[in-house]
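The lines below spell out each chain.
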Amino acid sequence: MIGSLLPPFLPASIGGAIEFIFEPQSSSVTGGKKVGGFEQVVELTITQLELTLLALAVALVVALPVGLYLGHRGTGELLAIAIGNAGRAIPELALIALMAVVFGVGFQYVTIALAVLGIPPILTNAFVGIRQVDRAPIDAARGMGMTEAEILFRVEMPLAIPTLMAGIRGATIAIVATATIAPLAGVLTLGDFIINRNVYGASGLLAGGILVALLALVLEFSLAALQRALTSKGLKVSAA
Amino acid sequence: MDSRLLSLATVGEVGKSFFHERTSETLPCQAQESKLFCFDWAKENIGSFGMPTLQHLELVVFSVLAGFAIAFVLALLAHRRRWLRAPLLGATGVLYTVPSIAFFFLLLPITGLGRDSVIIALSAYTLQIIYRNTLAGLANVPAAVKDAARGMGLTDRQILWRVELPLATPEIVAGLRIATVSTVAIATLAVLASGGGLGVKIYAGGNLHFATSIIVAGGIAILMAMSFDVILVGIQRLATPWRRTAES
């Protein structure tokens, strides 16, 4: 109720938000109990990170084998592409809300909902990445007597790393972004500052935006670094 | 185990009688927790989805048009000046990575809560997708075609508008499709920034709506995304008649 009654221009300042992140502030609705502050920020960040990594792991376990297998076999192109396209159309708010209303609150339900968002980009990019690999090195590998598994893991996958990682990065960003609305399903992440704005006020709202943005950027830069580390030296030379 | 979960899991085995034991016949459908979807409620209240749907449409159209206008100009600049490519890719990449839901509130000190902030955040999100595809489309134009155009006496500007951009249309439209479909889905979050849209039929006044309302709102959003996709494919076909003759 209170959320919709707030005036459109809130007295939010960057200074107030930064203060909110480091020092607990008094709130008008918690009966003297202070809200915000570094301790709570760390706690909520850890929950959001846990939720993100767990959902990403579930999505990887489900999507990666399917995408790699279909890509290697070269079958199921329509399916792999359709899943990727359909995934983008899933409205994340509706997904989380429906999970919460149907199954109730709980870490496990939110994890599943978030994993659902992560599966399409990973699956589609794994398929496309493997499929795009030049036929010549694959034929050479087969001629050298490599087994199908060796071809997939030692030839196709290293060559597909850029596309594969693009899918994983896309999935991670989608998951961490949507983990922000997990408080709707009872899991308190940094989004609590945004969703329970009557408790945290305008400073909390802005602080929530800053913290979620930072978390997403840190994850993206870490994965970009991981991608560089995973890309074989030969590919880097040819790209330069 | 949650009792509601248990009831859902066992519905298949015990069938209808299970519902009758647990729920009163006199209760309206929307008051019965075990009901996932109430057709009667949906039929009666479908009218109340009209306004949020229009608002949603408005958010998406404005965001994608603004994003397209900016990204298109950026791509043309980067196409001519190679040194701009990496910095523009990085800058649009940061805007793409910052989750829209965070972006809404980063704009709080500047544009406050509401539609403007939502449109700015959503168009910032679309920039990278459209920029990358437009640039890739222009880069994929065969050099021989450009040479031929130059040999026929076309100026650089004529080559861009009459040769390069028409040939890049499929990639540009592919970027627009991805941007538009994603934006339709993400725009449901606008409700959290008081920006309206279909999200108000999912979450309003600090509470989640009941399942039927969420399903109808989510269903309309998915239909809207699919319709945009079909329309954009149609536009692409009309804009590239030579591809149709090539295919047939």
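The numbering scheme is per chain: residues are counted from 1 as the chain's sequence reads. Written order determines the labels here, with chains lettered from A and ligands numbered from 1. Since the coordinates come from a predicted model, pLDDT governs what is reported: local features require at least 70, and pairs of side-chain atoms require 80 or more to be given and counted, while whole-chain, interface and lining totals use all residues.

### With respect to the overall build of chain A
A tally of helices and strands in chain A yields 11 helices and two strands. Secondary structure elements follow DSSP: runs of H or I of four or more residues count as helices, runs of E of two or more count as strands, with numbering from the N terminus. Helices and strands in chain A line up, N terminus first, as α-α-β-β-α-α-α-α-α-α-α-α-α. Along the longest, intermediate and shortest principal axes, the C-alpha atoms of chain A span 75 × 40 × 25 Å. Three exposure classes are used. Buried residues have 20 or more other C-beta atoms within 10 Å of their own C-beta, exposed residues have 12 or fewer, and partly exposed residues fall in between, all C-beta atoms being placed from the backbone. The burial tally for chain A puts 47% of its 240 residues in the buried class. Any two residues are considered in contact once their C-beta atoms, placed from the backbone, lie within 7 Å. Considering only contacts within chain A whose residues lie at least 6 apart along the sequence, 76% involve residues at least 24 apart.

### A short note on the interface of chain A and chain B
Each partner contributes residues to the interface: chain A has 43 residues there, and chain B has 43 residues. Where the side of chain A that touches chain B is concerned, the elements lending two or more residues are helix 1 (2–5), helix 4 (77–89), helix 5 (92–103), helix 8 (148–178), helix 9 (192–195) and helix 10 (197–230) of chain A.

### Remarks on the nonpolar core
Grouped together as the largest cluster of nonpolar side chains are 136 residues, with contacts concentrated most on Ile96(A), Ala97(A), Val110(A) and Val184(B). At 14 residues, helix 6 (residues 107–131) of chain A tops the list of elements feeding residues into this core. Beyond its immediate stretch of four places on either side in the chain, Val110(A) contacts Leu51(A), Ile96(A), Met99(A), Ala182(A), Ala185(A) and Val187(A). To count as a nonpolar core, a set of buried Ala, Val, Leu, Ile, Met, Phe, Trp, Tyr and Cys residues must be joined through C-beta atoms within 7 Å.

### A short note on the environment of Thr45(A)
Residue and element names in this part refer to chain A. Topologically, Thr45 is positioned in helix 3 (residues 38–73). Note: C-alpha distance between Thr45 and Leu190 (145 residues apart in sequence) is 5.9 Å. In this view, Thr45 contacts Leu190, Leu211 and Leu215; residues no more than four positions away in its chain are not counted.

### Describing unusual backbone geometry
Residue and element names in this part refer to chain B. One non-glycine residue, Ser194, lies in the positive phi region at around 55 degrees. Relative to the helices and strands, Ser194 is located in the loop between helix 10 (156–186) and strand 1 (203–204). Overall, the presence of 20 C-beta atoms within 10 Å leaves Ser194 in the buried class.

### As for helix 6 of chain A
Each helix should span, by expectation, one fewer than its residue count multiplied by 1.5 Å. Between its first and last C-alpha, helix 6 of chain A extends 36 Å over 25 residues, near the 36 Å set by a 1.5 Å rise per residue. Extensive coverage of helix 6 of chain A is indicated by the burial of 21 of its 25 residues.

### Notes on the confidence of the model for chain B
Residue and element names in this part refer to chain B. Think of pLDDT as the predictor's per-residue confidence, scored from 0 to 100. Of the residues in chain B, 85% reach a pLDDT of 70 or more, and the chain-wide mean stands at 87. Taken element by element, chain B is modelled with least confidence in helix 1 (residues 3–14), mean pLDDT 45, and with most confidence in helix 4 (residues 50–80), mean pLDDT 96. Under a pLDDT of 50 for its full length, residues 1–23 has, in the predicted model, 14 contacts with residues more than four places off or in other chains. Here the complex is predicted with pTM 0.86, and the ipTM for its interfaces comes to 0.87.

### Some words on the confidence of the model for chain A
A low pLDDT means the predicted coordinates there should not be read in detail. Taken as a whole, chain A shows an average pLDDT of 88; of its residues, 92% reach a score of 70 or greater. Low pLDDT, under 50, characterises residues 1–5 of chain A; the predicted model gives this stretch nine contacts beyond four residues in sequence or across chains.

### Comments concerning the packing of helix 3 of chain A against helix 8 of chain A
Residues and elements named next belong to chain A. Helix 8 packs onto helix 3 with a crossing angle of 140 degrees between their chain directions and a minimal axis gap of 10 Å. Considering the relative orientation of helix 3 and helix 8, their crossing is right-handed. Seen from helix 3, the contacting residues are Gln48, Thr52, Ala55, Leu56, Ala59, Leu68 and His72; seen from helix 8, they are Leu152, Glu156, Ala171, Thr172, Ile175 and Val176. When residues are sorted by character, Ala, Val, Leu, Ile, Met, Phe, Trp, Tyr, Cys and Pro go into the nonpolar class, Asp, Glu, Lys and Arg into the charged class, and all the rest, Gly among them, into the polar class. Residues that form the contact of helix 3 with helix 8 fall into these classes: eight nonpolar, four polar and one charged. In this analysis an axis means a line fitted to C-alpha atoms, helices contributing only their contacting stretch, and an angle means the value between N-to-C directions, from 0 to 180 degrees. Throughout, a crossing is termed right-handed when the near helix is turned clockwise from the far one, and left-handed when it is turned anticlockwise from it by less than a right angle.

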